Amino acid sequence: MERSVLVVNCGSSSLKLALYPDPNATQPTIEASAERLGTDKASLSASGLISLDQTGAMNHEEALRAFISAAESELQHLAGIGHRVVHGGETFVDSTPLTKDTIEQLEAVSGLAPLHNPMNLMGISLCQELLPGIEQVAVFDTAFHQTMPEQAWLYGVPYEWYEQFGVRRYGFHGTSYRFVAAETARRMDREADDLNLIVAHLGNGCSACAIRQGVSVDTTMGLTPLEGLIMGTRSGDVDPGLLDYMIEKTGSSVDALMQTLNKQSGLKGLSSGLSNDMRSLLEAEESGNTDATRAIDAFCFRVARHLSALSTNLTHIDSVVFTGGIGEHSAVIRQRILAAWRNMPFRLNQELNNQNGDNQGRISEQGTPLVLVVPTDEERMIAQDTYRLTHHD
Ligand SMILES: Nc1ncnc2c1ncn2[C@@H]1O[C@H](COP(=O)(O)OP(=O)(O)O)[C@@H](O)[C@H]1O
Ligand SMILES: CC(=O)OP(=O)(O)O
Ligand SMILES: [Mg+2]
């Protein structure tokens, strides 16, 4: 019986894989991840039913080939393969089975996410080659945000830019928000379409979302995953005027500056190159490093400012929810963000915050605005959509 689903998440320099044994599984039976792909210091590791530990020069294709070859006997009974696809443009409002037609439509929107979508397409065609005949599904980061009202997704630029070139705000991390919204409703014993939430997804990429009665009404990322919050290496919001100014000052090309805004900015840039990793910065701050403090303070302030702005579109907030690696694990960052959001009377319960929430995920004191920590699981959401959209026994 065909029961298992493989989830493939091809990032710009990483690859994450998970094998789910059946539609109700909450944990995968194999998890694998590859990092620093495309360099000679790449690594690939897998745990669960198989184990792998490989380092050296490797690109995405080689890593995916190595995984599929090592996991061959476990991939005999696949019901489907689910791919994370970062940009679906306006074409895709839900996950979709991959056919010749949908792959062509996907190629057409890929120019909108040049760092991400070409890798996603590579994963899709390699799986077609190595695991022929298995149904494949695309799950989009952008899809959940297609419910945003026009005023939230328009930029204040000539409307023809949207009409002719699709220049608008799309938003990302939608698979995470969809999972977290449903999981929050379950934990609060409420219906998802009855809840108003502000969710902060703080990982390597960071964004936040206003969810009104279960649907996205505003989010911080835009045309590309560069807008909004300060991230590990991405700047978030900047004045586009800085491009012209820096070209004038340094003679850099637009390409080089975009590279800097994507890869050398954010926490890494603000800490003068110390680290893009929040855990490392917190450790450095403990030993008195002021570069780390500067980066962390700017990060927390920016999150608070955006969370507050996102609440514009909600009559009330049922809960503020933290997710992603930083949101799920760092009590001190949550505390600093909420302290920076000064016009809301948040009060955290220290003990609950330090243990990343009670059973429900609550970290706030009773009788004060509800704040929850809800771990996200994009891979599980992708597996569920893949089961929903494939024809298996
Ligand atoms: N205990 C912790 N305290 C602070 N930051 C943490 C902790 N655990 C993980 N992080 C941070 O979470 C970030 C990675 O988030 P994650 O969601 O795992 O990334 P990705 O977006 O690649 O999935 C890193 O900045 C990491 O330092
Ligand atoms: C869209 C995006 O920012 O993705 P990630 O968090 O995986 O970098
Ligand atoms: Mg993650």
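Residues numbered from 1 in each chain as written. Chains lettered and ligands numbered in written order. Predicted model: local features only at pLDDT ≥ 70, side-chain atom pairs only at ≥ 80, totals over all residues. Heavy atoms only, no water.

The protein chain is annotated in an unreviewed UniProt entry as Acetate kinase of Thalassolituus maritimus. If you open the UniProt record of the protein chain and go to Catalytic activity (unreviewed entry), you find "acetate + ATP = acetyl phosphate + ADP". (UniProt positions renumbered as here; feature names shortened; annotations may be inferred.)

**Q** Which residues make up empty space enclosed by the protein, and what are the values?
**A** Enumeration over the complete set of coordinates arrives at 1 cavity of 30 Å³ or more. Estimated volume of the largest cavity: approximately 30 Å³. In this structure, the largest cavity is lined by Tyr20, Asp22, Pro23, Ala25, Arg380, Ala383, Gln384 and Tyr387. The biggest single contributor to the lining of the largest cavity is helix H15 (residues 378-389), with 4 residues. Of the residues assigned to the lining of the largest cavity, the class counts are 5 nonpolar, 1 polar and 2 charged. (1 Å grid on protein atoms, 1.4 Å probe; cavity = no way out; pocket = protein on both sides within 12 Å on 5 of 7 lines; lining within 4 Å. Points joined across faces, edges and corners; volume = space filled by probe spheres on them. Helix = DSSP H or I, 4+ residues; strand = E, 2+ residues; numbered from the N terminus. Nonpolar A, V, L, I, M, F, W, Y, C, P; charged D, E, K, R; others polar.)

**Q** Any details on the site of ligand 2? Residues and values, ideally.
**A** As a structural note, the neighbourhood of ligand 2 is formed by Arg84, Asp141, Phe172, His173, Gly205, Met221, Pro225 and Arg234. Histidine 173 is positioned with one of its side-chain polar atoms (N or O) 2.7 Å from an oxygen atom of ligand 2. At a separation of 3.5 Å, an oxygen atom of ligand 2 approaches a polar backbone atom of glycine 205. Protein coverage of the free-state accessible area of ligand 2, which is 260 Å², stands at 82%. Across the shell around ligand 2, the residue classes break down as 3 nonpolar, 2 polar and 3 charged. (Near = heavy atom within 4 Å. Polar contact = N/O pair within 3.5 Å; in protein donor to acceptor, adjacent residues only side chain to side chain. Areas by Shrake-Rupley, 256 points an atom, 1.4 Å probe, with all protein chains shown as cover.)

**Q** For the site of ligand 1, give the residues involved together with the corresponding values.
**A** Ligand 1 sits among Lys16, Gly203, Asn204, Asp277, Met278, Arg279, Leu282, Gly324, Gly325, Ile326, His329 and Ser330. In this structure, an oxygen atom belonging to ligand 1 sits 2.9 Å away from a main-chain N or O atom of glycine 325. At 3.3 Å from an oxygen atom of ligand 1 is found a main-chain nitrogen or oxygen belonging to isoleucine 326. Protein coverage of the free-state accessible area of ligand 1, which is 580 Å², stands at 73%. Counting only elements with at least two residues in the shell around ligand 1, the list comes to helix H10 (278-286) and helix H12 (324-329). Sort the elements by how many residues they give to the shell around ligand 1 and H12 lands first, with 4 residues. Class assignment for the residues of the shell around ligand 1 results in 3 nonpolar, 6 polar and 3 charged.

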